[in-house]
Amino acid sequence: MSGMAFDRLAAERDLHGRYGPDCAAMPRLWAFWGGGKDFNPADRALGETVAARFPQVETLALHRLAFRSRVVRALVGECGVDQLLVVGVDMPMHDEVHQVAHSVNPDARVVYADADALAMLYAEAMFRGRINTCGFVRAGLDDPRAVLDGAAATLDLRRPVAVLLINSLDVLTDPQAVEALAAFRAALAAGSYIGFCHLTAEYDHGLAALGSVCAETSPGPPRVRTPNALAAFCAGMVMIRPGLVSAPVWRPDPGPWPVTADVDLWCGVGVLP
């Protein structure tokens, strides 16, 4: 993990039976597709099966990480946000949210929240002690009240907070997603942001079957939704430019090459009025 020592097996033993080495989990699958190192044989087997059937998934994983870096730089650097809440934690890789945020503002505070015991154990082991501006909450997007209550130990919720839903919104049912977003809109201060990315099947219609292939994963199978359905999730927010778009189109880094728009990962960031 980025050259830092970490005893993976010892960490897994510390879970006292909560970790199933024969089961695949979405955080580890995204790490596998994105070129990470931390996954088990079950993750590799399913990851290879999915990649063979849906070759786009590896590109989606890379676009997801690229959007994460760009949106953090935009929120901290351009919008002046100094508090971030990441709901849905990746297995630690490169350019983590706190690393990107601190490259812009060393005093920015970041809270990582996830119900997955292994993902949080990794995050705490990798980040705690190296920085004193990070908090950790063992709750997921399906329990937004627990996330907010835990985040309040590190963040001042009376001031604007940027909530990042990079890999958590598309594992929720429609009622769960609506409830979670409503809870954040109700609890956060005006001027707060909610940024997310989500799978679609606009260009590869076969991607709609991804959930059935990953039906046994934890915390749940990924769902694809239409851009219109995602736009409905943005109710009560003012979308900042460029709105709800395919991931590569969201504030791309300058470069000589044209931006590819036909990617089945859509992103957006809204601000609470």
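What counts and what doesn't
Residues numbered from 1 in each chain as written. Predicted model: local features only at pLDDT ≥ 70, side-chain atom pairs only at ≥ 80, totals over all residues. Heavy atoms only, no water. Helix = DSSP H or I, 4+ residues; strand = E, 2+ residues; numbered from the N terminus. Rg over C-alpha atoms; globule rule 2.2 N^0.38 Å. Buried < 20%, exposed > 50% of the residue type's maximum accessible area, 1.4 Å probe, protein only. Contact = heavy atoms within 4.5 Å. Areas by Shrake-Rupley, 256 points an atom, 1.4 Å probe, with all protein chains shown as cover. Lys, Arg positive; Asp, Glu negative; His and termini not counted. Charge placed at Lys NZ, Arg CZ, Asp CG, Glu CD. Phe/Tyr/Trp six-rings, centres within 6.5 Å; stacked < 30°, edge-to-face > 60°. Disulfide = S-S within 2.5 Å. Core = buried A, V, L, I, M, F, W, Y, C linked by side-chain atoms within 4.5 Å. Axes fitted to C-alpha atoms, helices over the stretch in contact; angles between N-to-C directions. Parallel < 35°, antiparallel > 145°, perpendicular 65-115°, else oblique. Left-handed = near helix turned anticlockwise from the far one by under 90°. Nonpolar A, V, L, I, M, F, W, Y, C, P; charged D, E, K, R; others polar.

As recorded in an unreviewed UniProt entry, the chain goes by the name SAM-dependent methyltransferase, listed as coming from Actinomadura bangladeshensis.

> Teacher, can you tell me more about the overall build of the chain here?
A tally of helices and strands in the chain yields 10 helices and 8 strands. Expected size for 273 residues packed as a compact globule is a radius of gyration near 19 Å; at 17 Å, the chain falls within 12% of this value. Its C-alpha atoms put the chain at 45 × 45 × 40 Å along the principal axes. Out of the 273 residues belonging to the chain, those deemed buried represent 55%. A sequence separation of at least 24 residues applies to 73% of the contacts in the chain between residues at least 6 apart. Per element, the accessible surface of the chain, about 11,400 Å² overall, is 54% carbon and sulfur. In the chain, 23 side chains carry a positive charge and 30 a negative one; their mean positions are 4 Å apart.

> For this particular structure, what's the right way to read the packing of aromatic side chains?
For any two aromatic rings, the description comes down to two numbers: the centre-to-centre distance and the angle of the planes. By the definition in use, this model includes 4 aromatic pairs. Residues F32 and F39 carry aromatic rings whose centres are separated by 4.9 Å and whose planes lie at 90° to one another, so their mutual orientation is edge-to-face. Arranged with centres 5.4 Å apart and planes meeting at 85°, the rings of F67 and W250 form a pair that is edge-to-face. Here F67 is found in helix α4 (residues 56-78), whereas its partner W250 is found in the loop between β7 (245-246) and β8 (265-271), with 183 residues between them in sequence.

> Explain the state of the cysteines to me, please; I cannot follow it from the model alone.
By definition, a disulfide links the sulfur atoms of two cysteines through a covalent bond. Across all of its chains, the model carries 0 disulfides by this definition. Between C197, a cysteine without a disulfide, and C267, which holds the nearest cysteine sulfur, the sulfur-to-sulfur distance is 4.8 Å. We classify C267 as buried; its relative accessible area is 0%.

> Any chance you could explain the side chain of Q56 here in plain terms?
With respect to the secondary-structure elements, Q56 resides in helix α4. With near-sequence residues (within four places) excluded, Q56 lies in contact with D204, L207, V263 and D264.

> What is the right way to read the nonpolar core from this model?
One recurring pattern in soluble globular proteins: nonpolar side chains tend to sit buried together. By size, the foremost hydrophobic cluster in this structure holds 55 residues, and its most contacted members are W33, V72, L84, Y112 and L164. The dominant element in this core, judged by the number of residues it contributes, is α4, at 9 residues. The contacts of L164, once residues within four sequence positions are left out, are V71, V72, L75, L84, L85, V86, V87, V97 and G195. Core analysis: the next-biggest nonpolar cluster, separate from the first, contains 30 residues, V161, A177, L181 and F233 among them.

> Is there a simple way to think about the packing of helix α2 (residues 26-33) against helix α3 (residues 41-53) in this case?
The description of two packed helices rests on the angle between their axes and on the distance between the axes. It is the contact of α2 with α3, at a shortest axis distance of 9 Å, that shows an interaxial angle of 60°. Judged on the interaxial angle alone, α3 and α2 are oblique. Both α2 and α3 take part in a crossing whose hand is right-handed. Packed against α2, whose contacting residues are R28, L29, F32 and W33, the element α3 presents D43, R44, L46, G47, E48, V50 and A51 at the interface. Here the contact of α2 with α3 is composed, by residue class, of 6 nonpolar, 1 polar and 4 charged.

> Explain the environment of V161 to me, please; I cannot follow it from the model alone.
For V161, the location among the structural elements is in the loop between α7 (144-151) and β4 (162-165). Along the chain, V161 and F67 lie 94 residues apart, while their C-alpha atoms are 18 Å from each other. Contacts of V161, omitting those with residues within four sequence positions, involve V81, Q83, L85, L155, D156, L188, S192 and Y193.

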